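Summary of structural features
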Amino acid sequence: MKSLLRRVVVPLVAVVVGLLPGVVAVEQASALTKLTHSQATAIFSAAGITWSSSGNCSDWNNSTCTSFTNINDSTVYGVRTLKQASGCAVNITGGTEVGHASGTYSHRNGYKVDISKYTCVGNYIHNTFTRIADRGDGAAQWRSGAGNIYADEGNHWDITYYNCGGC
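Throughout, a residue's number is its position along its own chain's written sequence, starting from 1. Restriction of local features to residues with pLDDT of at least 70 applies here, the model being predicted, together with a cutoff of 80 or more for giving and counting side-chain atom pairs; totals for whole chains, interfaces and linings are based on all residues. Just so you know, side-chain values use all the structure's heavy atoms and leave hydrogens and water out.

1. Here's the deal with the pattern of salt bridges
Keep this limit in mind: The salt bridge definition used is simple: a Lys or Arg side-chain nitrogen within 4 Å of an Asp or Glu carboxyl oxygen. Under the scheme used here, helices are H or I runs from DSSP no shorter than 4 residues and strands are E runs no shorter than 2 residues, and both carry numbers assigned from the N terminus.
Scanning all chains against the criterion turns up six salt bridges. Where Lys 112 meets Asp 158, a salt bridge forms, and the shortest distance between an N and an O atom there is 2.6 Å. In this pair, Lys 112 sits in strand 5 (residues 112-116) while Asp 158 sits in strand 9 (residues 156-160), placing the two residues 46 residues apart along the sequence. Several salt bridges share partner residues, and in doing so they unite Lys 112, Arg 135, Asp 137, Glu 153 and Asp 158 into one network.

Next up, the structure:
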């Protein structure tokens, strides 16, 4: 009940009385709610999270773009939780666009994002999460207390969000 109150009722009341932007009502949706690119970018912007693409675009059918079309709300809030908990800059370089590996818990299915490797984020992941076995491709992995997986792919972090990490 407390979780329901915190995640749904309190933000809705705040929206009604004008204390929070309307995007809060969207961000309180249940796990596996799919968001549009615009909904996700509004939440990222409000949290101070940046994104970039080599193609400077957001078309989810173009592998040089960074798109958030059909991203899971829990993934969006998971990134926000990482930013808030770590206090680090977070820049997303990969979302739901084509060009990533397939599978149930994939980028395309809304479970994954890639973020830039910054010293601050790396230190936070190494010092806060539990080192687990390397992934099949050799990428070193860490598991958060919430069960989300952070894989070091060399030039970026590949993160799988099964939930929002305590949002």
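2. Let's talk about the packing of aromatic side chains
Note the following rule: Side-chain rings of Phe, Tyr and Trp, where Trp is taken by its six-membered ring, are said to pair if the distance between their centres is within 6.5 Å; with planes under 30 degrees apart they count as stacked, over 60 as edge-to-face, and otherwise as tilted. Counting as a charge over the ring demands two things of the Lys NZ or Arg CZ atom: a distance within 6 Å of the ring centre and an angle within 35 degrees of the ring normal.
Summed over all chains, the structure comprises nine aromatic pairs. Centre to centre, the rings of Tyr 105 and Tyr 111 are 4.7 Å apart; their planes meet at 75°, and the pair counts as edge-to-face. When the ring of Tyr 124 is compared with that of Phe 129, the centres are 5.5 Å apart and the planes differ by 85°; the resulting orientation is edge-to-face. In this structure an aromatic cluster arises from ring pairing among Tyr 124, Phe 129, Tyr 150 and Tyr 161. Above the face of the Trp 60 ring, Arg 108 is positioned so that its terminal group lies 3.5 Å from the ring centre. Across the ring face of Trp 142, the terminal group of Arg 131 is positioned such that the distance to the ring centre comes to 5.0 Å.

3. A look at helix 3 (residues 37-47)
Keep this limit in mind: Exposure classes here rest on a 1.4 Å probe applied to the protein chains alone. A residue is buried below 20% of its type maximum, exposed above 50%, and partly exposed in between. Throughout, the arc means that of the directions going from the helix axis to the C-beta atoms.
Where helix 3 is concerned, the buried positions are His 37, Ala 40, Thr 41, Ile 43, Phe 44 and Ala 47. The buried residues of helix 3 occupy an angular sector of 160° when the element is viewed end-on, so they sit on one face. Residues of helix 3 that are exposed and point over 90 degrees away from its buried face: Ser 38 and Ala 46. Gly 48 occupies a position one or two residues after helix 3 and carries a positive phi of about 80°.

4. Focus on the sheet that holds strand 2 (residues 50-51)
Just so we agree on the cut-off: Strands were regarded as paired on the criterion that DSSP finds at least two bridges between them.
The strand order 2-4-5-9-8-7-6 describes an open sheet built from seven strands, whose pairing is mixed. At either end of the open sheet lies a strand with only one pairing partner, and these are strand 2 and strand 6 (130-132). Pairing between strand 7 (residues 140-143) and strand 8 (residues 149-152): four bridges, direction antiparallel. Bridge pairing in strand 8 places Arg 143 opposite Ile 149.

5. Some words on helix 5 (residues 119-128)
Cut-off, in case you're wondering: Contacts are assigned to residue pairs that have any heavy atoms within 4.5 Å of one another.
Those residues of helix 5 that fall on the buried side of the exposure criterion are Val 121, Gly 122, Tyr 124 and Ile 125. Looking down the long axis of helix 5, one finds its buried residues gathered within 160° of arc, a one-sided arrangement. When the buried face of helix 5 is taken as reference, the exposed residues oriented beyond 90 degrees from it are Thr 119 and Asn 127. Residues of helix 5 that are buried make contact with helix 4 (73-86), strand 5, strand 7, strand 8 and strand 9.

6. Description of the confidence of the model for the protein chain
Worth spelling out the cut-off: Each residue carries a pLDDT score, the predictor's own confidence in it, on a scale running from 0 to 100.
Looking at the protein chain as a whole, its pLDDT mean stands at 86, while 81% of the residues score no less than 70. Low pLDDT, under 50, characterises residues 1-31; the stretch is placed with 33 contacts to residues that sit more than four places away or in other chains.

7. A word on the packing of helix 3 against helix 4
Quick reminder of the rule: Whenever a helix is involved, its axis is fitted only over the stretch in contact; in every case the axis is a line through C-alpha atoms, and angles between N-to-C directions fall within 0 to 180 degrees. An angle counts as roughly parallel when it lies under 35 degrees, as roughly antiparallel when it exceeds 145, as roughly perpendicular when it falls between 65 and 115, and as oblique in every other case. Charged residues are taken to be Asp, Glu, Lys and Arg, nonpolar residues to be Ala, Val, Leu, Ile, Met, Phe, Trp, Tyr, Cys and Pro, and polar residues to be all remaining types, Gly included.
Running from N to C, helix 3 and helix 4 cross one another at 10°; their axes reach a closest spacing of 10 Å. For the element pair helix 3 / helix 4, the angle class is roughly parallel. Residues Ala 40, Ile 43, Phe 44 and Ala 47 of helix 3 touch helix 4, and the partners they reach there are Val 76, Tyr 77, Val 79, Arg 80 and Lys 83. Within the contact of helix 3 with helix 4, the residues separate by chemical class into seven nonpolar, no polar and two charged.

8. Observations concerning the side chain of Asp 152
Condition: For this analysis, a polar contact is any N or O atom pair within 3.5 Å, provided that within protein one partner can donate a hydrogen and the other can accept it, and provided that sequence-adjacent residues contribute only side-chain to side-chain pairs.
Considering the arrangement of structural elements, one finds Asp 152 in strand 8. In this structure the side chain of Asp 152 is engaged in a polar contact, spanning 2.9 Å, whose partner is the side chain of Lys 117. Of the polar contacts made by the side chain of Asp 152, one reaches the backbone nitrogen of Gly 154; its length is 2.9 Å. Asp 152 has contacts with Lys 117, Ala 139, Ala 140, Trp 142 and Trp 157, leaving out every residue within four places of it along the chain.

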